[in-house]
Amino acid sequence: MIRKGFQVAARLGYHRVLPGTPRILPRLNTAAAFGSSTESLVSRFCQEKTNLKDYALPNASWCPDMLSLYQEFVEKTKADGWIKLPSFKSNRDHIQGLKLPSGLAVSSDKSDWRIFTRCIQVEGQGYEYVIFFHPSKKNSVCLFQPGPYLEGPPGFAHGGSLAAMMDETFSKTAYLAGEGLLTLSLNIRFKNLIPVGSLAVLNVDVEKIEDQKLYMSCITLSRDQQTVYAKSSGVFLQLQLEEESSQ
Amino acid sequence: MNERLLSSEEVILKDYSVPNPSWSKDLRLLYDQYMKKCEDGSWKRLPSYRDVAVQETEDFKNFFHGYRCLDLSWHFSHTCFSCAHPDSKLIKEEQMPQARVFIRSYEDGLGFEFVMFHNDVEKKTVCLFQGGPYLQGLSGWLHGGAMATMIDITSGMAASIGERIVTANLNIDFKRPVPLYSVVVINSQLYKAEGRKLFVSCDVRSVDGKTLYAEATSEKLPLSFFWLICKAGS
């Protein structure tokens, strides 16, 4: 009877945290729960008519490799079905009109929140990146240039900064490919160090979607693909956002 | 609260791992508890600087007591760190002129507020961490990447052996998201050394220890050894 209740709740798109449950949210009947198509998720996410600043655009700090690869992908957005994802100051800006499900919704409305990867605002010092997404292939490419603030070993990016870039790329891919919202796991094998100020290319694929989880793999390469910087995988939990009630 | 303008040298030498007004009550209480543990010398508070060169020097002093020639004044005139190491096989590398420890690149309370305590006999490092609003993932929650960063850095401290180490593998299982502004305790433990590989386990819990936010394992290597593996191909 409880299971039937969950199915009904899932169809209504309403999630409730049950007291005493070890999981944050109950298991859902996946077939009923996730109806949003990738196309509708993308169009809502990208918000073309907006005054919000898009940080995923070239600036003076971008190295020549990053600029040239960016241009190549911009060409692909015209003919090959690729989409350049905008990158706003906060994740909330990407989902206007939607809100987190009850178990995750936070009551206070602080406007000074910033997404971690866009917090270092001085151009070129922190995370310079842009993500391109292919809706039908469910594949993402992130162009990432780590700045001097992300240094670990002298002249090279700290492993933690690449881990964060991977989590962010997985996160956007998971959301658009299937409403993936929360990181469940990250597994990273570091192979080489990325020189500060150079381009690393993260290629993310969705391997499967099963049991309310999205499984993704990532390979991070140099521009010329001759150096493998890291291989990683990520698993994200699917959770449906709710419509914000009009007040 | 008005602060006088610090001279540039004072800014460079400022230790950030001490309480400031943005620290919550939970963080301050835990800090006091761990400072008490330091009284008998078994635990040590690790200072934390914004300047990479200063941080490196302090890390070196903390973990490699016998080494004498590295002092601050020498360090300001030489930006290279690794060529000073007795058995370093690396070519001279200059640090980037604007290199900064990025977890210290925020104003008080906005980013990473943390302090680490290290027990060298037990090979443990505990990090008390409070994440601020610039570390957001989903609205109101800490970004997984910010959590991964702190896990990676804390694990690195547990594995510290007196030479620079890097991460070869990092595996994190996230159990629950961490609310922004809350305090978590990251416990890391070096549990195995195999050849030059160092294995660290880590868990992230709430202040009362009852909520588990994440578990992680990582494999660390000395940088010199990591370079050898890279050149050999993998």
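Residues numbered from 1 in each chain as written. Chains lettered and ligands numbered in written order. Predicted model: local features only at pLDDT ≥ 70, side-chain atom pairs only at ≥ 80, totals over all residues. Heavy atoms only, no water.

A.B. asks: What is the right way to look at the overall build of chain A in this model?
C.D. replies: Each helix and strand in chain A was counted, giving five helices and nine strands. For chain A, the succession of helices and strands along the chain, N to C, is α-α-α-α-β-β-β-β-α-β-β-β-β-β. Every one of the 247 residues in chain A was classed for burial, and the buried ones make up 57%. For chain A, contacts bridging at least 24 residues in sequence account for 70% of all contacts bridging at least 6. Surface accessibility of chain A: about 10700 Å² in total, with carbon and sulfur atoms responsible for 50%. (Helix = DSSP H or I, 4+ residues; strand = E, 2+ residues; numbered from the N terminus. Buried < 20%, exposed > 50% of the residue type's maximum accessible area, 1.4 Å probe, protein only. Contact = heavy atoms within 4.5 Å. Areas by Shrake-Rupley, 256 points an atom, 1.4 Å probe, with all protein chains shown as cover.)

A.B. asks: Sorry, what's going on with unusual backbone geometry here?
C.D. replies: Peptide bonds are, in most cases, trans, and in most cases residues other than glycine have a negative phi. Residue and element names in this part refer to chain A. At Asp 211, a position not held by glycine, the phi torsion is positive, near 55°. Mapped onto the elements, Asp 211 comes out in the loop between β6 (200-210) and β7 (213-222). Phi is positive for Gln 225, close to 65°, though the residue is something other than glycine. With respect to the secondary-structure elements, Gln 225 resides in the loop between β7 and β8 (228-238).

A.B. asks: When you look at the UniProt feature "domain: Thioesterase" (unreviewed entry) in chain B in this model, what are you seeing that I'm missing?
C.D. replies: Look at the UniProt record and you will see "domain: Thioesterase" (unreviewed entry) annotated at residues 140-211 of chain B. End-to-end, the C-alpha atoms of residues 140-211 of chain B are 18 Å apart, and along that stretch the chain is 21% helix and 44% strand. (UniProt positions renumbered as here; feature names shortened; annotations may be inferred.)

A.B. asks: Just to check I follow, could you spell out the interface of chain B and chain A for this structure?
C.D. replies: Interfaces are often sized by the amount of accessible area the parts lose when they come together. In this assembly, 52 residues from chain B lie in contact with 50 residues from chain A. Interface of chain B and chain A: buried area, both sides summed, is about 4300 Å²; carbon and sulfur atoms make up 61% of it. Looking at the side of chain B facing chain A, the largest losses of area belong to B:Phe102, B:Tyr134 and B:Leu138, adding up to 15% of the total buried there. At the level of secondary structure, the elements contributing two or more residues to the side of chain B that touches chain A comprise α3 (52-63), α5 (144-158), β4 (165-174) and α6 (223-232) of chain B. The biggest single contributor to the side of chain B that touches chain A is β4(B), with nine residues. (Buried area = accessible area lost by both parts, 1.4 Å probe.)

A.B. asks: Can you walk me through the packing of helix α5 (residues 159-178) of chain A against α5(B) in this structure?
C.D. replies: In a packed pair of helices, the relevant descriptors are the angle between the two axes and the axis-to-axis distance. As a packed pair, α5(A) and α5(B) sit with axes 8 Å apart at the nearest point and diverge in direction by 155°. Put simply, α5(A) runs roughly antiparallel to α5(B). The crossing of α5(A) and α5(B) is right-handed. Residue-level inspection shows A:Gly159, A:Gly160, A:Ala163, A:Ala164 and A:Asp167 of α5(A) in contact with α5(B), the latter providing B:Gly144, B:Gly145, B:Ala148, B:Thr149 and B:Asp152. Taken together, the residues of the contact of α5(A) with α5(B) break down into three nonpolar, five polar and two charged. (Axes fitted to C-alpha atoms, helices over the stretch in contact; angles between N-to-C directions. Parallel < 35°, antiparallel > 145°, perpendicular 65-115°, else oblique. Left-handed = near helix turned anticlockwise from the far one by under 90°. Nonpolar A, V, L, I, M, F, W, Y, C, P; charged D, E, K, R; others polar.)

A.B. asks: I tried to follow the pattern of salt bridges on my own but got confused; where do I start?
C.D. replies: Should the charged atoms of two oppositely charged side chains come close, the side chains can pair. A full pass over the atoms with the stated rule returns 14 salt bridges over all chains. Ionic pairing is found between A:Lys208 and A:Glu210, a salt bridge with its closest N-O pair at 3.6 Å. Assessed through its relative accessible area of 38%, A:Lys208 is described here as partly exposed. A residue is classified by how much of its surface remains accessible, and A:Glu210, at 42% relative accessible area, is partly exposed. Notably, a salt bridge pairs B:Arg196 with B:Glu163, separated by 2.9 Å at the nearest N-O pair. Within this pair, whereas B:Arg196 is found in the loop between β5 (183-194) and β6 (197-206), its partner B:Glu163 is found in the loop between α5 and β4, the two being separated by 33 residues in sequence. The exposure class assigned to B:Arg196 is partly exposed, which follows from its relative accessible area of 38%. For B:Glu163, a relative accessible area of 18% corresponds to the buried category. (Salt bridge = Lys/Arg side-chain N within 4 Å of Asp/Glu carboxyl O.)

A.B. asks: What should I look at first to understand the packing of aromatic side chains in this one?
C.D. replies: Between two aromatic rings, the relevant description is the distance of the centres plus the angle of the planes. Summed over the entire model, instances satisfying the criterion amount to 17 aromatic pairs over all chains. Relative to A:Phe132, the ring of A:Tyr70 lies with its centre 5.8 Å away and its plane at 55°, an arrangement referred to as tilted. Of this pair, A:Tyr70 sits in helix α4 (residues 64-79) while A:Phe132 sits in strand β3 (residues 127-134), and the two are 62 residues apart along the sequence. For the pair A:Tyr70 and A:Phe132, a shared accessibility class is recorded, and that class is buried. Measuring from ring centre to ring centre gives 5.8 Å for B:Tyr34 and B:Trp43, while their planes differ by 80°; the resulting arrangement is edge-to-face. Just as B:Tyr34 is buried, B:Trp43 falls in that class too. Three or more aromatic residues joined by ring pairs form one cluster here, namely A:Phe116, A:Tyr127, A:Phe144, B:Tyr106, B:Phe112 and B:Phe129. The ring of A:Tyr129 is capped by A:Arg118, whose NZ or CZ atom sits 3.7 Å from the centre of that ring. If you follow B:Lys37 out to its NZ or CZ, it ends over the ring of B:Tyr34, 4.7 Å from the centre. (Phe/Tyr/Trp six-rings, centres within 6.5 Å; stacked < 30°, edge-to-face > 60°. Lys NZ or Arg CZ within 6 Å of the ring centre and 35° of its normal.)

A.B. asks: Can you help me understand the nonpolar core in this one?
C.D. replies: Side chains of a nonpolar character, in soluble globular proteins, are inclined to be buried together. Core analysis: the largest hydrophobic core is formed by 87 residues, its most contacted members being A:Phe116, A:Phe144, B:Phe112, B:Phe129, B:Met147 and B:Met150. Setting aside chain neighbours within four positions, we find A:Phe144 in contact with A:Tyr127, A:Glu128, A:Tyr129, A:Leu150, A:Ser161, A:Leu162, A:Met165, A:Ser198, A:Leu199, A:Ala200 and A:Leu202. Counting residues in hydrophobic clusters, the runner-up holds 15 residues, among them A:Leu69, A:Val74, A:Val130 and A:Leu143. (Core = buried A, V, L, I, M, F, W, Y, C linked by side-chain atoms within 4.5 Å.)

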